[in-house]
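So the chains spell out like this:
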Amino acid sequence: MANKITMENQDWKTIGFGYRKTNYNVRCYYKNGAWGPLELSDSEYINIHMSATALHYGQEAFEGLKAFMGKDGKVRIFRMDENAKRMQNSSDGILMERMPVDKFQEAVKLAVEKNLDFVPPYGCGASLYIRPLLIGSGPQIGVKPAEEYLFIVFVMPVGPYFPEGFKPTDLLIMRKFDRAAPQGTGKYKVGGNYAASLTAGKKAKAEGYSAVLYLDSREKKYIDECGPANFFGIKNDTYITPESDSILPSITNKSLMQIAQDIGLKVERRKVPVEELESFEEVGACGTAAVISPIKRIYDDDLDKEYNYGTDPGPWSTKLYEKLRAIQDGDAPDPYGWVTVID
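In what follows, the accompanying structure is described. This is a predicted model, so every value here is computed, not measured.

Calculation notes
- Residues numbered from 1 in each chain as written.
- Predicted model: local features only at pLDDT ≥ 70, side-chain atom pairs only at ≥ 80, totals over all residues.
- Heavy atoms only, no water.
- Helix = DSSP H or I, 4+ residues; strand = E, 2+ residues; numbered from the N terminus.
- Rg over C-alpha atoms; globule rule 2.2 N^0.38 Å.
- Buried < 20%, exposed > 50% of the residue type's maximum accessible area, 1.4 Å probe, protein only.
- Contact = heavy atoms within 4.5 Å.
- Areas by Shrake-Rupley, 256 points an atom, 1.4 Å probe, with all protein chains shown as cover.
- Lys, Arg positive; Asp, Glu negative; His and termini not counted.
- Charge placed at Lys NZ, Arg CZ, Asp CG, Glu CD.
- Polar contact = N/O pair within 3.5 Å; in protein donor to acceptor, adjacent residues only side chain to side chain.
- 1 Å grid on protein atoms, 1.4 Å probe; cavity = no way out; pocket = protein on both sides within 12 Å on 5 of 7 lines; lining within 4 Å.
- Points joined across faces, edges and corners; volume = space filled by probe spheres on them.
- Phe/Tyr/Trp six-rings, centres within 6.5 Å; stacked < 30°, edge-to-face > 60°.
- Salt bridge = Lys/Arg side-chain N within 4 Å of Asp/Glu carboxyl O.
- Expected span 1.5 Å × (residues − 1).
- Core = buried A, V, L, I, M, F, W, Y, C linked by side-chain atoms within 4.5 Å.
- Patch = residues over 30% accessible without salt bridge, like charges linked within 9 Å, V, L, I, M, F, W, Y side chains within 5 Å.

**Section: the overall build of the protein**
Secondary structure assignment for the protein yields six helices and 18 strands. By the compact-globule yardstick of 20 Å for 343 residues, the protein fits well, its C-alpha radius of gyration being 20 Å. Sorting the 343 residues of the protein into buried and exposed places 52% on the buried side. Once local pairs closer than 6 in sequence are excluded, the contacts in the protein between residues at least 24 apart make up 71%. Put simply, the protein shows about 15900 Å² of open surface, and 48% of that area lies on carbon and sulfur atoms. Charge centroids of the protein, computed over 43 positive and 47 negative side chains, lie 1 Å from each other.

Here it is in structure tokens:
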């Protein structure tokens, strides 16, 4: 292979969140009715048939998770079993072959182990981002599932989501855009959902907002998702997050709900009317990239109405963020069995 890449003298605060080549990725092929062995590759490219179902009919699903360097020099991967199960759910939703949970985890561990030099050092705020990808690689012209699939895991170091500190951002409500249709693919982590959000997301960012706060596509009465993240609000010592078949089940949100209960908050997962934004004391978006992105303001573009939550992160949001990050970094006990340690 070519000369190995190194990360010497890297400024981890400015590395950003983007693709960066590492030394190896892991691949696995499904052919003739069975998954083959895991294979290591140093190539960034795949050879795919021009009639592959991933290219024509959207047979594609992916995941995102992270690994963190601890003070003890050990690398910790966060909740990869949940990512494996969620990818299986996405596969069921668009009729792709399931990657077995144990093989998924084996591939993730191998990809991390073969790229340990790219795991950012403890305390810098950066982490190793892990991207598992499953695509329909077999050729079809009729609208039907592929008979062959390719599973890949690649990794890259990414900088802290908040390079300037844990600071709140603004969200924008726009009713003329939908992220996903009712009873559609909103609850699956497939590329089409993200393609559908690009136009609205670009408009929101051009107007100075971090993301779009989507309302339900059927009635425009209830809160759905914050762009690529789940929404939560806190009031009266209660952590409240929307329930909807159009929302991707966030592993971060699931983790925060558990921690919220353990630190004394009640937890409610239910429909959240948009009018309830007035009564929240804190609101935020949660997901793999930021854990929690606190929100200081939500502007309803259609009603010319704004909701304000203060310029600093709320006390509960801060506590939840710090507790989850401490588990990820190995600075706090992991009573839930969420982390897998790579020595």
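Anyway, onward from the coordinates.
**Overview of the environment of Tyr 19**
Considering the arrangement of structural elements, one finds Tyr 19 in the segment before strand S1 (25-31). As a C-alpha pair, Tyr 19 and Val 158 span 139 residues in sequence and 8.4 Å in three-dimensional space. Leave out the neighbours within four places in its chain, and Tyr 19 touches Glu 44, Phe 154 and Met 156. Among the polar contacts made by the side chain of Tyr 19, one reaches the side chain of Glu 44 at a distance of 2.7 Å.

**A look at the layout of surface pockets**
Estimated volume of the second largest pocket: approximately 370 Å³. What lines the second largest pocket is a set of 28 residues, among which Gly 125, Pro 160, Tyr 161, Tyr 321 and Arg 325 lie closest to the centre. Mapped by element, the contributors of at least two residues to the lining of the second largest pocket are strand S5 (65-69) and helix H6 (315-329). With four residues, the single largest contributor to the lining of the second largest pocket is H6.

**Some details on the packing of aromatic side chains**
Per the stated rule, a full pass over the model turns up twelve aromatic pairs. Pairing Phe 62 with Tyr 194 gives two aromatic rings, centres 5.2 Å apart and planes at 55°, and the pair type is tilted. Highlighted residues: Phe 62 in strand S4 (residues 60-62) and Tyr 194 in helix H4 (residues 191-206), separated in sequence by 132 residues. We classify Phe 62 as buried; its relative accessible area is 10%. Given the relative accessible area of 23%, Tyr 194 is considered partly exposed.

**Describing the side chain of Glu 82**
Within the secondary structure, Glu 82 is located in helix H2 (residues 80-93). The contact partners of Glu 82, leaving out residues within four places of it in the chain, are Ile 251 and Lys 254.

**What about the pattern of salt bridges?**
Across all of its chains, the model carries 19 salt bridges by this definition. Notably, a salt bridge pairs Glu 63 with Arg 86, separated by 2.7 Å at the nearest N-O pair. Of this pair, Glu 63 sits in the loop between S4 and S5 while Arg 86 is found in helix H2, placing the two residues 23 residues apart along the sequence. Using a relative accessible area of 0% as the deciding quantity, one classes Glu 63 as buried. Close ionic contact of Asp 92 with Arg 98 constitutes a salt bridge, the shortest N to O distance being 2.7 Å. Residue class for Asp 92 comes out partly exposed when judged on its relative accessible area of 38%.

**What to know about unusual backbone geometry**
We note that Asn 32 has phi near 55°; this positive angle belongs to a residue other than glycine. Overall, the relative accessible area of 80% leaves Asn 32 in the exposed class. Of note in this structure, Gln 183 is not a glycine but carries a positive phi near 60°. By secondary structure assignment, the location of Gln 183 is in the loop between strand S9 (169-173) and H4.

**Brief notes about H6**
Relative to the 21 Å expected for 15 residues at 1.5 Å per residue, H6 spans 21 Å between its end C-alpha atoms, a close match to the ideal helical length. With its phi angle positive at about 80°, Gly 330 sits one or two positions after the end of H6.

**Considerations on the nonpolar core**
Considering soluble globular proteins, one finds that nonpolar side chains tend to be buried as a cluster. Counting 39 residues, the largest nonpolar core has Trp 35, Ile 77, Val 108, Ile 130 and Phe 151 as the members making the most contacts within it. Contributions of two or more residues to this core are made by S1, S5, strand S6 (75-78), H2, helix H3 (101-113), strand S7 (127-136) and strand S8 (149-158). Tallying contributions element by element places H3 first for this core, with five residues. Among residues more than four places away in sequence, those in contact with Phe 151 are Val 26, Arg 27, Cys 28, Trp 35, Met 87, Met 99, Phe 104, Ala 107, Pro 132, Leu 133 and Leu 134.

**A few points about a nonpolar patch on the surface**
Judged by side-chain polarity, Tyr 57, Ile 141 and Val 143 come together as a nonpolar surface patch covering roughly 330 Å² of accessible area. Topologically, Tyr 57 is positioned in the loop between helix H1 (53-56) and S4. Taking relative accessible area as the criterion, Tyr 57 reaches 35% and is therefore assigned partly exposed.

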